[in-house]
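# Architecture at a glance
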Amino acid sequence: MTGINTTQPTKKRLGDVLIERGYISQDQLSIALQQQKKLGKPLGEMLLDLGFITEDAMREAVSETVGYESVDISAAIADAVALELIPKSVALKHTLFPVSFNSEKGSLLIATANPDDIVARDAIAALLARAGSQSGQRIRPLWHITPRAEVLAAIDRFYDRELSIEGILLELESGELDLIALTQAGASYSHPIVRLVDAVLADAVSRGASDIHLEPEEHFLRIRYRIDGVLREIRSFTKANWTAMLVRLKILASMNIAETRAPQDGRISLTLFGRQIDFRAASQPTIHGENFVFRILDRKLSVVPLDNLGLPDFQLSLLKLMLERPDGILLVTGPTGSGKTTTLYSVLNHLNDVGVNIMTLEDPVEYPLPMIRQTSVAVAQKLDFSSGIRSLMRQDPDIIFVGEIRDQETAEMAVRSAMTGHQVFSSLHTNSAIRSVPRLMDLGVKPSILSGNIIGIIAQRLVRKLCQKCKEIHTPNDQERRVLGLQPNDERTIFKAIGCPACGNRGYKGRLAIMEILRFDTGLDELVARSASIQEMTDYAISRGFVPIVEDGIRCVLNGLSTLEEVGRVVDLTERLKG
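Rules used in this analysis
- Residues numbered from 1 in each chain as written.
- Predicted model: local features only at pLDDT ≥ 70, side-chain atom pairs only at ≥ 80, totals over all residues.
- Heavy atoms only, no water.
- Helix = DSSP H or I, 4+ residues; strand = E, 2+ residues; numbered from the N terminus.
- Buried < 20%, exposed > 50% of the residue type's maximum accessible area, 1.4 Å probe, protein only.
- Contact = heavy atoms within 4.5 Å.
- Areas by Shrake-Rupley, 256 points an atom, 1.4 Å probe, with all protein chains shown as cover.
- Lys, Arg positive; Asp, Glu negative; His and termini not counted.
- Charge placed at Lys NZ, Arg CZ, Asp CG, Glu CD.
- Pairing = 2+ DSSP bridges.
- Axes fitted to C-alpha atoms, helices over the stretch in contact; angles between N-to-C directions.
- Phe/Tyr/Trp six-rings, centres within 6.5 Å; stacked < 30°, edge-to-face > 60°.
- Salt bridge = Lys/Arg side-chain N within 4 Å of Asp/Glu carboxyl O.

Across its full length, the protein carries 24 helices and 18 strands. Its C-alpha atoms give the protein principal-axis dimensions of about 75 × 65 × 55 Å. Each of the 579 residues in the protein was classed as buried or not, and the buried ones make up 49%. Of the contacts formed within the protein by residues at least 6 apart in sequence, a portion of 64% connects residues at least 24 apart. Counting only carbon and sulfur atoms, one obtains 49% of the accessible surface of the protein, whose full area is about 28,000 Å². Both charge centroids of the protein, one from 66 positive and one from 72 negative side chains, sit 1 Å from each other.

If you want it as structure tokens, here you go:
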């Protein structure tokens with residue numbers, strides 16, 4: 001039967017798994033075993049009490065000892081479709097909980113304390129077979145291990161509750177809000193405002209949004225999602241519910257619910273669709289009330305292997321070649337929202353190994369990475385990027401990641417760290433790779449220091465991908481042919497965006513990065529040392545195979561991945577019309 005282990009998983013000892021994964025040392029295991037003999041506690045609990053391991057790491061290790069993946073549902077948000085597939089009576093009888101349903105893959109993630117329960121597996125297989133025959137889609141179960149207490153708590157929280165946004169709004173219209181109950185720590189999931197907030201967050205994640213904007217107007221609340229880099233108005237609520245929603249949001253984000261006149265920042269961590277998703281929250285007072293914006297941080301989607309960034313082979317090979325250099329600084333440039341953090345995290349993940357010490361300074365830390373020592377800069381603790389680099393240098397690092405170079409002191413400290421035998425990675429706000437050199441000089445870094453210490457510079461933008469289900473062939477006109485650089489006898493066609501239900505009638509679905517990767521060699525270092533002009537450096541780089549970001553964008557258009565209109569939205573194509 002698909003999705004079911006036909007052989008008994010090989011059991012491993014918990015201590016051995018933790019040491020193999022690098023979570024604890026042999027010394028720490030010995031200490032925990034000694035304390036376990038004295039106190040009689042389970043080994044896992046003892047390691048947690050001693051602070052040798054985090055709960056997330058322990059959960060993963062326990063899942064490996066029994067041969068199944070684990071899932072944390074203690075902070076989960078319900079998936080209404082998943083709950084419909086498994087009745088409450090079945091969930092209680094077999095102590096399991098349907099966490100999420102993936103419609104594209106036809107898979108149902110199920111959490112249980114006993115994934116080897118054959119009776120439960122047979123009951124679920126029969127249920128899903130009936131549901132699949134009705135929907136015309138084959139549904140397979142994905143069994144994950146979860147503590148029994150978490151399963152029972154989830155069943156109690158989520159079953160027999162109205163979960164649709166429309167149903168919750170109707171429920172709110174028929175009753176009075178109990179704000180006092182809502183402000184109590186651990187407010188019950190049965191409160192309609194609690195379910196409404198969770199439903200909005202789940203809806204945004206399911207639509208692939210990167211940001212949620214909750215914007216109060218004079219008489220209503222507007223909700224917009226940023227999807228594929230563009231804001232879309234999703235719906236509007238009556239303003240009567242906004243005060244209660246704001247209280248709930250502030251409680252989740254650990255903000256001060258009594259403070260309404262000053263901006264606040266916070267963070268929420270929830271389990272959605274079977275995976276942990278973080279939300280970076282920010283409130284801002286406006287004339288119509290407090291504006292609330294979430295940045296959605298999905299670790300699974302954002303920390304991707306280098307090979308999965310979607311780079312063409314020549315760019316991927318060039319980037320890997322640059323990363324082989326043992327010292328120097330590598331910069332990623334581009335405007336806000338251009339995917340710089342994703343690229344840098346992918347690079348760090350590629351280099352992450354037990355043999356190197358990677359230290360980061362970020363504002364703030366967006367995605368926790370195993371084995372990497374990550375620090376958030378904090379004005380309150382008088383820790384900024386420049387002073388933080390000095391501190392990191394005393395931690396014996398091999399690789400240093402500085403979130404952003406903003407001023408002269410940070411720039412100088414980052415470059416000097418590269419001079420002393422470290423790999424340094426950072427981001428910078430410039431329009432192109434080559435323009436980063438004069439930008440660093442403007443910040444006060446001398447050309448003689450820059451020369452020989454730059455590994456390379458990546459400039460990137462994100463463009464929306466054409467929906468593969470509805471895109472249509474388009475024959476370019478004369479002006480478009482000039483922009484594309486097509487010869488008179490070149491009859492190639494391109495595609496245009498149309499729109500269909502699969503892409504929300506936008507014509508685009510998903511995004512991809514277009515890049516220019518500038519690798520520094522001896523010749524380019526000499527040009528930097530004598531402060532050569534941008535044009536001189538550009539001509540030299542192109543003669544050595546450098547591909548400007550505009551050309552990379554044109555490549556995507558000719559390959560049917562995007563449109564000229566979309567590429568022209570993020571890079572300047574007007575230069576190609578001259579002459």
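Looking now at the sheet that holds strand β2 (residues 107-112). By way of backbone hydrogen bonds, the strands of a sheet pair with one another, either parallel or antiparallel. Sheet architecture is open: 3 strands sit in the order β1-β2-β3, paired in mixed fashion. Each edge of the sheet is formed by a strand with only one pairing partner; in this case those strands are β1 (96-102) and β3 (140-145). Across the sheet, the axes of successive neighbouring strands diverge by a mean angle of 25°, strand direction being ignored. In this sheet, β2 lies alongside β1 in antiparallel orientation, the contact comprising 6 bridges. What sits directly across from F101, in β2, is L108. Contacts between helix α7 (residues 118-135) and the sheet are confined to β1, β2 and β3, with β3 contributing the most and set at about 145° to the helix.

Attention now goes to the packing of aromatic side chains. As enumerated under the stated definition, the model contains 6 aromatic pairs in all. With centroids separated by 5.8 Å and ring planes inclined at 75°, the aromatic side chains of F279 and F294 adopt a geometry described as edge-to-face. With F279 in strand β8 (residues 275-286) and F294 in strand β9 (residues 289-298), this residue pair connects regions lying 15 residues apart in the sequence. By the burial criterion, F279 is buried, and F294 matches it.

To continue, consider the pattern of salt bridges. Taken as a whole and assessed by the stated rule, the structure comprises 22 salt bridges. Note that R406 and D363 form a salt bridge whose closest N and O atoms lie 2.9 Å from each other. Taken together, the positions of R406 in the loop between β13 (399-402) and α17 (408-419) and D363 in the loop between β11 (358-362) and β12 (373-376) put the pair 43 residues apart, joining distant regions of the chain. In this structure, R492 and D490 form a salt bridge, with 3.1 Å as the shortest nitrogen-oxygen distance. What you see here is one network of salt bridges that share partners, running through E217, R222 and E233.

By themselves, these figures tell us nothing about what the structure is for.
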